[in-house]
Number of protein chains: 2
Amino acid sequence: MDIKEYLRAKREIVEKALDLYLPGDDVEPKIVHEAMRYSVFAGGKRIRPILVIASAEAVGGNEETVLPAACALEMIHTYSLIHDDLPAMDNDDYRRGKPTNHKVFGEAVAILAGDALLTHAFGVITRCSGKVDDNRIIMVIRELSEAAGSTGMVGGQVVDILSEGREINHEELLFIHRHKTGCLFRAALRTGAILSGANDDQLEALTAYAEHLGLAFQIIDDVLDIAGDAEKLGKKTGSDIKKQKATYPALYGLEKSKELAVKEIESAVESIKDLGAAADPLREIAFYLGKRDS
Amino acid sequence: MDIKEYLRAKREIVEKALDLYLPGDDVEPKIVHEAMRYSVFAGGKRIRPILVIASAEAVGGNEETVLPAACALEMIHTYSLIHDDLPAMDNDDYRRGKPTNHKVFGEAVAILAGDALLTHAFGVITRCSGKVDDNRIIMVIRELSEAAGSTGMVGGQVVDILSEGREINHEELLFIHRHKTGCLFRAALRTGAILSGANDDQLEALTAYAEHLGLAFQIIDDVLDIAGDAEKLGKKTGSDIKKQKATYPALYGLEKSKELAVKEIESAVESIKDLGAAADPLREIAFYLGKRDS
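Note that this is a predicted model, so its numbers are computed, not measured.

Caption draft 1: Fine view of the overall build of chain A. Each helix and strand counted, chain A has 15 helices and two strands in total. Over its C-alpha atoms chain A spans a radius of gyration of 18 Å, differing by no more than 12% from the 19 Å that the globule rule assigns to 294 residues. Referenced to the eigenvectors of the C-alpha coordinate spread, the extents of chain A come out at roughly 50 × 50 × 35 Å. Expressed as a percentage of its 294 residues, the buried residues of chain A come to 56%. The contacts in chain A between residues at least 6 apart in sequence include a share of 72% that link residues at least 24 apart.

Structure representation (structure tokens):
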């Protein structure tokens, strides 16, 4: 299969749906809707929503059914980026080659645009109603709330912020990566599977895939911050070192980190070995992300 | 009925449930759970969750069924206070007589604690599952997402922030009040009613009650900021004037504002005239809030 074409096609579908589900920038108060749209359409890879769709397909589901939930994942991801970039947090001026949300709209509106995206995400999931059993939607809302909350993504960001400027050990680094990135990857795969009526074995396999892929994704992020091409990445490299951030290369060196990422990619693919050809996109996505340079 | 005793008893039930539904402050990362609990248990009146319960009772429902949703409303309200108090927003040092969240935990943790409370709220609502039809829970999640989002509460805060230091007219003031306070009051009443199987007439009556009560509540807030007792309020008075905030007294004067509040309270009670004795707590709550001095 042509994974690049697959990703392009899915990205287009996701972006059309995001446009449909977000209030227009002519809706009052316009500035907050402009700010929400600015960051949502700042050119992400749409990995998380595509994983929702690919996970659904892997267990015999279809993209139409899970599209609202896929978009909800992307809104939650985007809100987390807006808030992470704030002066009180990572204080970043650029993201994906563009000025960060608070640089364009000011801190107050950026905080509120993030809040609104998070709030909106949970409403968007309810659009799955009528297509699947309501109980499955409720399960997904609970999963997402846990994955994004204080014992999930937000918890990872808390530990990340508190770890700046001091030495951390392997356990703490793993906690940060598993929570900041891992929880939402996990929720993406599980969301697609749950809404598509996956059985327990399938759900378990996809969860394991997600955990390995999420970790690989974050290790590669760390590696690219040191060894990547600033132009391709759309942001300055070396920012983790400057902020004395906890990263894999800081703890293991660059080469060992690359090896660890490869190992995680292999484990991800191994986890879904019992799923049939319908899971091929997930396998290809794993290999593709393992080789990404931006 | 003894409305003070009613409010005390319900407040106790709500606070026990909030304690149950929130992660303990021994759960990692502890600081964010401490921060969440610090603001949730900073001594609010629990008006919104009590309105959820009273609305349920008014249409023959019961508190046990709606308690998770009632707590979700309070978590959303609390997150909004934490974020409103931030330096980039209203920059308040005190709330309810205590240092604001960011004063105690720092800006980064305060932002994240707010994010986590909002995220957690949507998970908590799913705990209603099994007690009521799942479709009603989904309806409530959609209502809450709209009420709290960019066309609801967050939208009101955006316009409020942008209106500081410039003259605004009656329409803008009404927009701010209806959105910042009104939308969540409306959602509280509708949540209790929807989860309890209210019919269309009941839902309409309770919605009208909520809109009048929400406006009265905000006008009284404005009045107390000028004419209230700082000790009873637990915060300095006069802060709206200092910040050149849009308020009712600024636009209409103190006496006229008080009259308008009384009129809204009367309209609230009139709206539910067709509901029976089961709606007495709602009537008493309206009169009680009309006379509040803190």
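Caption draft 2: Examining the relation of the copies chain B and chain A more closely. Placing chain B over chain A gives an RMSD of 0.0 Å and needs a rotation angle of 180°, together with 0.0 Å of translation along the axis. Seen this way, the second copy is the image of the first under a two-fold rotation axis. Among all residues of chain B, the minimum C-alpha distance to the rotation axis is found for Asp134 of chain B, at 3.0 Å. A shared binding surface is used by both copies, with 100% of the interface residues of chain B retained as interface residues in chain A.

Caption draft 3: Fine view of the interface of chain B and chain A. Counting residues at the interface gives 43 residues for chain B and 43 residues for chain A. At the level of elements, α2 (30-40), α6 (107-125), α7 (134-148) and α8 (153-163) of chain B are the ones that each hand at least two residues to the side of chain B that touches chain A. Here the side of chain B that touches chain A takes 12 residues from α6 of chain B, the largest share from any one element. In terms of residue class, the side of chain B that touches chain A is built from 24 nonpolar, 14 polar and five charged.

Caption draft 4: The arrangement of the environment of Tyr94 of chain A in detail. Residue and element names in this part refer to chain A. You can see Tyr94 is positioned in strand β1 (residues 94-95). In this structure Tyr94 comes out as partly exposed when scored by C-beta crowding, with 16 C-beta atoms within 10 Å. As for Tyr94 and Ala69, which are separated by 25 residues in sequence, their C-alpha atoms are 28 Å apart. When sequence neighbours within four positions are dropped, the list of residues in contact with Tyr94 reads Pro99, Thr100, Lys235 and Lys236.

Caption draft 5: Expanded view of the confidence of the model for chain A. Within chain A, residue pLDDT values average 94, and 100% of them lie at 70 or more. Scored as a whole, the predicted complex attains pTM 0.96, and scored at its interfaces, ipTM 0.96.

Caption draft 6: Up close: the packing of helix α7 (residues 134-148) of chain A against α6 of chain B. Put simply, α7 of chain A and α6 of chain B touch, their axes get as near as 8 Å, and they point 155° apart. Here α6 of chain B runs roughly antiparallel to α7 of chain A, going by the angle between their axes. Relative to α6 of chain B, α7 of chain A is oriented so that their crossing is left-handed. Listed contacts from α6 of chain B to Ile141, Arg142, Ser145, Glu146 and Ala148 of chain A of α7 of chain A are Thr119, His120, Phe122 and Gly123 of chain B. Tallied by class, residues from the contact of α7 of chain A with α6 of chain B come to three nonpolar, four polar and two charged.

Caption draft 7: Highlighting the nonpolar core. Counting residues in each nonpolar core, the largest one holds 194 residues, and the members touching the most others are Ala72 and Ala113 of chain A together with Ala72 and Ala113 of chain B. Apart from the residues within four sequence positions on either side, Ala113 of chain A is in contact with Val32, Ala35, Met36, Ser39, Ile82, Asn101 and Phe105 of chain A.

Caption draft 8: Main features of helix α4 (residues 63-84) of chain B. Residue and element names in this part refer to chain B. Helix length check: α4 (22 residues) gives 30 Å between terminal C-alpha atoms against 32 Å at 1.5 Å per residue, within 8%. The largest bend in α4 is about 30°, located at Ala69. Within α4, 20 of the 22 residues are buried, which leaves the element mostly enclosed by the surrounding structure.

Caption draft 9: Here's a closer look at the environment of Tyr209 of chain A. Residue and element names in this part refer to chain A. The topology assignment puts Tyr209 in helix α10 (residues 200-227). Exposure remark for Tyr209: the 29 C-beta atoms within 10 Å place this residue in the buried category. In this structure, the C-alpha to C-alpha distance between Tyr209 and Gly276, residues 67 residues apart in sequence, is 14 Å. If near-sequence neighbours (up to four positions away) are discounted, Tyr209 is found in contact with Leu189, Ala268, Ser271, Ile272 and Leu282.

Caption draft 10: View of the packing of α4 of chain B against helix α9 (residues 170-195) of chain B. Residue and element names in this part refer to chain B. The contact between α4 and α9 brings their axes to 10 Å, and the two run at 165°. Our classification of the angle between α4 and α9 gives roughly antiparallel. Relative to α9, the crossing made by α4 is right-handed. Contacts between α4 and α9 involve Thr65, Val66, Ala69, Leu73, Ile76 and His77 from the former and Leu184, Ala187, Ala188, Thr191, Gly192 and Leu195 from the latter. In terms of residue class, the contact of α4 with α9 is made up of eight nonpolar, four polar and no charged.

Here is what the cut-offs are and how they apply
Residues numbered from 1 in each chain as written. Chains lettered and ligands numbered in written order. Predicted model: local features only at pLDDT ≥ 70, side-chain atom pairs only at ≥ 80, totals over all residues. Helix = DSSP H or I, 4+ residues; strand = E, 2+ residues; numbered from the N terminus. Rg over C-alpha atoms; globule rule 2.2 N^0.38 Å. Buried ≥ 20, exposed ≤ 12 C-beta atoms within 10 Å, placed from the backbone. Contact = placed C-beta atoms within 7 Å. Least-squares fit on C-alpha atoms with pLDDT ≥ 70 in both. Nonpolar A, V, L, I, M, F, W, Y, C, P; charged D, E, K, R; others polar. pLDDT = per-residue confidence, 0-100. Axes fitted to C-alpha atoms, helices over the stretch in contact; angles between N-to-C directions. Parallel < 35°, antiparallel > 145°, perpendicular 65-115°, else oblique. Left-handed = near helix turned anticlockwise from the far one by under 90°. Core = buried A, V, L, I, M, F, W, Y, C linked by C-beta atoms within 7 Å. Expected span 1.5 Å × (residues − 1). Bend = angle between axes of the 7 residues up to and from the residue.

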